[in-house]
Amino acid sequence: MHFSSTSLLPTAFTSLQGKKFCGLPACQSGSMLILHGERPYWWIKESDNKLPSLNQYRLTCETGPGSPSGHAMVTAAVLCTVVFAYIRLSKARWYKPWCCWICFALMMLAAGVSRCYIATHFPHQVVAGTLTGVAMAMIFLKVALKDVSLKTYILLVIFIPVSSVLTSAVIRMIGLDPDWSIAKAMKWCAESQWVHPDTQPYNAVQRDAGSLLGYGIFVSIARSSRSFQSGDSSNLFRLVHIILSLLIAQVIENIKPKVSTEMYYLITFLKFGLLVNIICLIPLLIGRRKINSDKNS
Ligand SMILES: O=P(O)(O)OC[C@H]1O[C@@H](O)[C@H](O)[C@@H](O)[C@@H]1O
């Protein structure tokens, strides 16, 4: 099972009504740049021992360091946030939280097993990613990001790419190669077309910065909007919002032009800024139509 953060983002936003989760990706990209860790698909080829070879698949050739698993981290952070929100909003009886947490555990197990099966992670990396994701969800549930000013969002959006470039520069200065994992992916991936810029840590940085900017812009629009404050949160409304958001996310995510790396990063930044804005604005638009039709009747 492959949970991309693109598909999880709309679901989480809908559950939380856009309140508190948008700081999650920033931490993820920062830690991915700093932490090291081999991936099984290249480790086995470099190992001196006589070990069996591992099958590679289209999704195997991730280019970032292996530790912790980014998929496990984002999946755990987002699903944990959704479960907390669901339990709080649905005023669940005693058995419902348990059902939610069992579903959460099963989904994490499926995500973790799939990462190991395709030889892109060792089990301990998936466990580390899951625990980090849960910790991130617990921290960000306490932060009311909707009250943060647009200026702060803009400063964060500048800070995230600048700090990642500086981190790389420092790593280079101490004689290490910050792109060591990209080189290994290119060397050991069975098919060169499976090594995709989408998996590069710098691309994740642009995606997270774009998403934060998109969310910051949305928050400043929403603060002055009556339809946002009136907040229709019926289950049908949420379901429509999730389905529409997932469809839009799939369309935007699949825009993958063949351009230079720098241009690709810029397009990623814009794509995700736009995506978050569209997802966030859907309730505003539906809410406004509802208010107008209430007025007319
Ligand atoms: O470390 P993993 O599990 O292979 O995941 C890497 C992926 O982690 C995701 O969370 C990032 O958003 C992707 O850009 C990256 O490709």
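What counts as what
- Residues numbered from 1 in each chain as written.
- Predicted model: local features only at pLDDT ≥ 70, side-chain atom pairs only at ≥ 80, totals over all residues.
- Heavy atoms only, no water.
- UniProt positions renumbered as here; feature names shortened; annotations may be inferred.
- Near = heavy atom within 4 Å.
- Polar contact = N/O pair within 3.5 Å; in protein donor to acceptor, adjacent residues only side chain to side chain.
- Areas by Shrake-Rupley, 256 points an atom, 1.4 Å probe, with all protein chains shown as cover.
- Helix = DSSP H or I, 4+ residues; strand = E, 2+ residues; numbered from the N terminus.
- Nonpolar A, V, L, I, M, F, W, Y, C, P; charged D, E, K, R; others polar.
- Salt bridge = Lys/Arg side-chain N within 4 Å of Asp/Glu carboxyl O.
- Buried < 20%, exposed > 50% of the residue type's maximum accessible area, 1.4 Å probe, protein only.

By the naming in an unreviewed UniProt entry, the protein chain is glucose-6-phosphatase, taken from Sinanodonta woodiana. According to its UniProt record, the protein chain has this under Subcellular location (unreviewed entry): "Endoplasmic reticulum membrane".

Asker: What's the story with the site of the ligand in this structure? I'm lost.
Answerer: Near the ligand you find 15 residues, and of these Glu 62, His 71, Arg 115, His 121 and Arg 207 are the closest. Between an oxygen atom of the ligand and a side-chain N or O atom of Ser 69, the distance comes to 2.8 Å. Taken by itself the ligand offers 390 Å² of open surface, and the protein chains cover 94% of this. For the shell around the ligand, the elements supplying multiple residues, two or more each, are helix H2 (24–34), helix H4 (70–89) and helix H9 (201–223). Per-element tally for the shell around the ligand: the top contributor is H4, with three residues. Of the residues in the shell around the ligand, the class split is three nonpolar, seven polar and five charged.

Asker: Honestly, the pattern of salt bridges in this entry has me stumped. Any pointers?
Answerer: Under the criterion given, the structure shown has five salt bridges. Between Lys 184 and Glu 46 there is a salt bridge, with its nearest N and O atoms 2.9 Å apart. Placement of the pair is Lys 184 in helix H8 (residues 180–188) and Glu 46 in helix H3 (residues 40–46), with a sequence separation of 138 residues. Overall, the relative accessible area of 18% leaves Lys 184 in the buried class. Lys 256 is paired through a salt bridge with Asp 198; the nearest N and O atoms lie 2.9 Å apart. Of this pair, Lys 256 sits in the loop between helix H11 (235–253) and helix H12 (261–296) while Asp 198 sits in the loop between H8 and H9, placing them 58 residues apart in sequence. Salt bridges sharing common partners tie together Glu 38, Glu 46 and Lys 184.

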